[in-house]
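Survey of secondary and tertiary structure
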Amino acid sequence: MKISLISLLAAPLSALALLSAPTATADEEVTTLAKIELQGAVNVRDIGGYRTYDGAKVKTKKAIRADSLEKLTASDIQVLGGYNLKQVIDLRTQAEIQFSGPDKLPSGVPLVARPIDDTGLFTKLLQVIQLRDPVKQEEMLGGGKAEQIMGGVYKSFLTDASRAAFGQTIRDLANTDRPTLYHCTAGKDRTGWLTYLTLRAVGVPERTARQDYLLSNQYRAAADAALRQQVKQAGLMQNPDLLIPLQEVRDAYLDTAIREMEAKYGDFGKFLSQGLGLDAGTILKLRRNLVS
């Protein structure tokens, strides 16, 4: 059951619900076209193609967001090899890597380990599922508790260590001459927040950056629904739907991080400079590098 569990037990597991996926828009269609189809990962996409406030466009083949890469096939590795990646940045914790395995990468691509704390979520989820006790599982995840757990995860994005890791990754994106790929486990929460920040920093409207964040629900839906079914069939949970709030990305989760950001820094610009340590020159370089 270890192999089938890993894609679900992601630090934030991931996404169900085509029912809750946002209505397609022109901006979303750009990202859909930029999806990189792989057999061993389901949420891999080039963030290029979005329009900025001034009508410019985010370049393709500069920044790629992804879920974890430990299940890549030989053909997947060949596909990624065609992107001539400068580096891969792994945001997973050591516990996640130990459970699921290290990334499989094209030969010669440097791997940067830059763990961002998941507040112990990954370990907690393993423990909850392996209890095989529906009453305790309901007590731990039901009645809004799963949503509260996710709120805590998003608040943690504003800790000193997390801000340092997010800020350094954005600096890497400002300095990359070839595509940089970054990922966590499900490619939706840490990766989603990082992408949201990057898109907004280069002038993509907030609404568009939010739509990109929400697209993880669409891309992860089938795999996560199948995994919930596997958990049930294995006798691990009578009600695997308790996991849905942990699998999804939601406006409310993103808003939690944004409220935390505004409470501490006042506005997005101050967060970039004071929270992430990005000076005006770095932001200008980021825009020049990522926007055409």
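Since the model is a prediction, treat every value here as computed from it, not as a measurement.

Here we take up the overall build of the protein chain. The helix and strand tally for the protein chain stands at 14 helices and five strands. Among the 292 residues that make up the protein chain, the fraction classed as buried is 58%. A sequence separation of at least 24 residues applies to 78% of the contacts in the protein chain between residues at least 6 apart. Surface summary for the protein chain: the accessible area is close to 11800 Å², and the carbon and sulfur share equals 53%.

What follows covers helix H6 (residues 134-141). Each α-helix turn comprises 3.6 residues. Residues three or four places apart therefore point the same way. In this structure Asp133 caps H6, since a side-chain oxygen of it lies 3.0 Å from the backbone nitrogen of Val135. Positioned one or two residues after H6, Gly143 has a phi angle of 60°, which is positive.

This part takes up the packing of helix H9 (residues 190-201) against helix H10 (residues 206-233). For the pair H9 and H10, the least separation of the axes is 9 Å and the interaxial angle reads 155°. It follows from the interaxial angle that H9 and H10 lie roughly antiparallel. As H9 packs across H10, the resulting crossing turns out to be right-handed. Together, Gly192, Thr195, Tyr196, Leu199 and Arg200 of H9 and Glu206, Ala209, Arg210, Asp212 and Tyr213 of H10 make up the contact between the two elements. Here the contact of H9 with H10 is composed, by residue class, of four nonpolar, two polar and four charged.

Another point: the packing of aromatic side chains. Under the defined criterion, the tally for this structure stands at nine aromatic pairs. Centroid distance Tyr154 to Phe157: 4.9 Å. Interplanar angle 55°. Geometry classified as tilted. Each member of the pair, Tyr154 as well as Phe157, carries the same accessibility label: buried. When the centroid spacing of 5.6 Å and the interplanar angle of 80° are considered together, the rings of Phe157 and Phe166 count as edge-to-face. By relative accessible area, Phe166 is classed as buried at 1%. By way of ring pairs, the aromatic residues Tyr154, Phe157, Phe166, Trp193, Tyr196, Tyr213, Tyr253, Tyr265 and Phe271 are connected into one cluster. The ring of Tyr83 carries Lys61 above its face, with NZ or CZ at 5.9 Å from the centroid. For Arg200, the ring lying beneath its charged end belongs to Phe268, and the centroid distance is 4.2 Å.

The mixed open sheet is built from five strands, whose spatial order is E1-E2-E5-E3-E4. Only two strands of the sheet have a single neighbouring strand rather than two, namely strand E1 (45-46) and strand E4 (111-113). With three bridges joining them, strand E3 (residues 87-90) and E4 adopt parallel strand pairing. Its bridge partner being in E4, Ile89 is matched across the sheet by Val112.

When the pLDDT values of the protein chain are averaged, the result is 90; 89% of them are 70 or greater. Here residues 1-29 is a poorly scored stretch, pLDDT under 50, and it has 103 contacts once near neighbours within four places are set aside; other chains count.

The final tally for this structure, using the stated rule, is 21 salt bridges. One salt bridge in this structure joins Asp67 and Arg220, with 3.0 Å as the shortest N-O distance. Of this pair, Asp67 sits in the loop between strand E2 (63-66) and helix H3 (74-81) while Arg220 sits in helix H10, and the two are 153 residues apart along the sequence. No difference in accessibility class separates Asp67 from Arg220, as the two residues are buried. Here Asp177 makes a salt bridge to Lys86, at a shortest N to O gap of 3.7 Å. Placement of the pair is Asp177 in the loop between helix H8 (160-175) and strand E5 (180-183) and Lys86 in the loop between H3 and E3, with a sequence separation of 91 residues. For Asp177, a relative accessible area of 54% translates into the label exposed. Each of Glu70, Asp90, Arg92 and Asp103 takes part in a single network of salt bridges with overlapping partners.

Analysis parameters
- Residues numbered from 1 in each chain as written.
- Predicted model: local features only at pLDDT ≥ 70, side-chain atom pairs only at ≥ 80, totals over all residues.
- Heavy atoms only, no water.
- Helix = DSSP H or I, 4+ residues; strand = E, 2+ residues; numbered from the N terminus.
- Buried < 20%, exposed > 50% of the residue type's maximum accessible area, 1.4 Å probe, protein only.
- Contact = heavy atoms within 4.5 Å.
- Areas by Shrake-Rupley, 256 points an atom, 1.4 Å probe, with all protein chains shown as cover.
- Polar contact = N/O pair within 3.5 Å; in protein donor to acceptor, adjacent residues only side chain to side chain.
- Axes fitted to C-alpha atoms, helices over the stretch in contact; angles between N-to-C directions.
- Parallel < 35°, antiparallel > 145°, perpendicular 65-115°, else oblique.
- Left-handed = near helix turned anticlockwise from the far one by under 90°.
- Nonpolar A, V, L, I, M, F, W, Y, C, P; charged D, E, K, R; others polar.
- Phe/Tyr/Trp six-rings, centres within 6.5 Å; stacked < 30°, edge-to-face > 60°.
- Lys NZ or Arg CZ within 6 Å of the ring centre and 35° of its normal.
- Pairing = 2+ DSSP bridges.
- pLDDT = per-residue confidence, 0-100.
- Salt bridge = Lys/Arg side-chain N within 4 Å of Asp/Glu carboxyl O.

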